[in-house]
Amino acid sequence: LFKEAVRLDPDFAMAYLQLAFMSYLENDAVETRRNLDLALANREHLTQRELLFLEGAEATLADPARSLEKFRLMATLYPDEGRGPYNYAYFAHYDLLRSKDGLAVLEPLLQTKHDRPGSSNYQAGVIYLALNRFPEALAAFERADSFGIYGWRREFAEAYAAQRQFTDAERVLAQHPDFGDTSASIE
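Keep in mind it's a predicted model, so treat the numbers as computed, not measured. (Residues numbered from 1 in each chain as written. Predicted model: local features only at pLDDT ≥ 70, side-chain atom pairs only at ≥ 80, totals over all residues. Heavy atoms only, no water.)

## A few points about the overall build of the protein
Counted only if it meets this: Secondary structure elements are defined from DSSP: runs of H or I of at least 4 residues count as helices, runs of E of at least 2 residues count as strands, and each element is numbered from the N terminus. Put simply, the radius of gyration uses C-alpha atoms, and a globule should come to 2.2 Å times the residue count raised to 0.38. For the exposure calls, accessible area comes from a 1.4 Å probe over protein chains only, and a residue counts as buried if that area is under 20% of its type's maximum, exposed if over 50%, partly exposed in between. Contacts are assigned to residue pairs with any non-hydrogen atoms lying within 4.5 Å of each other. Using the Shrake-Rupley algorithm and a 1.4 Å probe, accessible areas are obtained, with residue cover drawn only from the displayed protein chains.
When helices and strands are counted, the protein shows 11 helices and zero strands. The order of α-helices and β-strands along the protein, N terminus first, is α-α-α-α-α-α-α-α-α-α-α. The C-alpha atoms of the protein give 18 Å as radius of gyration, which agrees with the globular expectation for 187 residues (16 Å, within 12%). Counting only C-alpha atoms and orienting by the principal axes, one finds that the protein spans roughly 55 × 30 × 30 Å. The buried share of the protein, taken over its 187 residues, is 45%. The contacts of the protein with a sequence gap of at least 6 include a subset with a gap of at least 24, amounting to 44%. Here the protein displays about 10100 Å² of accessible surface, and carbon together with sulfur accounts for 53% of that area.

## Considering the environment of Phe166
Within the fold, Phe166 resides in helix α11 (residues 166-174). With relative accessibility at 15%, the residue Phe166 sits in the buried group. For the pair Phe166 and Thr47, spaced 119 residues apart in sequence, the C-alpha to C-alpha distance is 48 Å.

## Section: the pattern of salt bridges
Here is the rule we go by: When a carboxyl oxygen of Asp or Glu lies within 4 Å of a side-chain nitrogen of Lys or Arg, that pair is called a salt bridge.
One pass over the structure, following the stated rule, counts 14 salt bridges. A salt bridge links Arg98 to Asp101; its shortest N-O distance comes to 2.8 Å. For Asp101, a relative accessible area of 32% translates into the label partly exposed. A salt bridge links Asp145 to Arg153; its shortest N-O distance comes to 3.0 Å. By relative accessible area, which is 2% here, Arg153 ends up buried. Through salt bridges with shared partners, one network takes in Arg33, Asp37, Glu58 and Arg66.

## Observations regarding the environment of Leu51
Tracing the chain through its elements places Leu51 in helix α4 (residues 48-62). For Leu51, a relative accessible area of 17% translates into the label buried. For the pair Leu51 and Ala174, spaced 123 residues apart in sequence, the C-alpha to C-alpha distance is 41 Å. Every residue in contact with Leu51, bar those within four places of it in the chain, is listed here: Arg43 and Leu46.

## Observations regarding unusual backbone geometry
For Asn27, which is not a glycine, the phi torsion comes out positive at approximately 65°. Here Asn27 is to be found in the loop between α2 (13-25) and α3 (29-41). Owing to a relative accessible area of 73%, Asn27 belongs among the exposed residues under this scheme. Unlike most non-glycine residues, Arg164 shows phi in positive territory, near 65°. Take Arg164: its relative accessible area is 64%, and that puts it in the exposed class.

## Remarks on the packing of aromatic side chains
Short version of the rule: Between rings of Phe, Tyr and Trp, where Trp is taken as its six-membered ring, a pair exists when centres lie within 6.5 Å; planes separated by under 30 degrees are stacked, by over 60 edge-to-face, and by other angles tilted. Whether a charge lies above a ring is judged from NZ of Lys or CZ of Arg, which has to be within 6 Å of the ring centre and within 35 degrees of the ring normal.
Enumeration according to the criterion identifies 10 aromatic pairs in this entry. Centroid distance Phe71 to Phe91: 5.9 Å. Interplanar angle 10°. Geometry classified as stacked. With Phe71 in helix α5 (residues 64-77) and Phe91 in helix α6 (residues 83-94), this residue pair connects regions lying 20 residues apart in the sequence. Comparing Phe71 with Phe91, the two get one shared label, buried. Its end group placed over the ring of Phe53, Arg83 keeps NZ or CZ at 4.3 Å from the ring centre.

## What about the packing of α5 against α6?
Defined as follows: Between the N-to-C directions of two axes lies an angle of 0 to 180 degrees, each axis being a line fitted to C-alpha atoms and, for a helix, fitted only over the stretch in contact. Should an angle fall under 35 degrees it is taken as roughly parallel, and over 145 as roughly antiparallel, whereas 65 to 115 is taken as roughly perpendicular and any remaining angle as oblique. Left-handed is the label given to a crossing in which the near helix is rotated counterclockwise from the far helix by less than a right angle, and right-handed is the label when the rotation is clockwise. All residues other than Ala, Val, Leu, Ile, Met, Phe, Trp, Tyr, Cys, Pro, Asp, Glu, Lys and Arg, Gly among them, are scored as polar; the first ten of these are nonpolar and the last four charged.
At a minimum axis separation of 7 Å, α5 and α6 run at an interaxial angle of 150°. Relative to α6, the element α5 lies roughly antiparallel. Taken as a pair, α5 and α6 cross one another with a handedness that is left-handed. When α5 is examined against α6, the residues Leu68, Phe71, Arg72, Met74 and Ala75 are found in contact with a partner set consisting of Arg83, Gly84, Pro85, Asn87, Tyr88, Phe91 and Ala92. Taken together, the residues of the contact of α5 with α6 sort by class into eight nonpolar, two polar and two charged.

Right under this line is the structure:
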């Protein structure tokens, strides 16, 4: 849909930014950079909020610490929107190994109504798991499930497996279409 959007409107900066995030998740650095450059070239079509989001996204490639500054600012200025805290937590955890910092920014979001409750709870579960806070991880994964966000379920299963609750881990994996048959034990 985003490709169709930029075909129809070649100046659609937010569509390029969304394409950049999709490329990033696919580990396609060339396409990520290309789409970020196209978004930056069309920045005059963005609101201040969107521009801050773009600046944070662009910084993830060259200066991850600066990206956290942008996403924290976004979280502070727009507390009703989940993109700032979510992206802060995501990049703090994965890029800078600052999981506790990411969780500190993300946790307040979990207590409010906002636009990304499922994704935010799943990311919180991932971070709780990394911090060996298994009961909180399981609760966060369950909340994410209730919003229809399942992730790859691997981390959800790992929260059970880390506690040697292998039957529950297999049950969680069996709910993901890519895993399906868990007849082989995961012990």
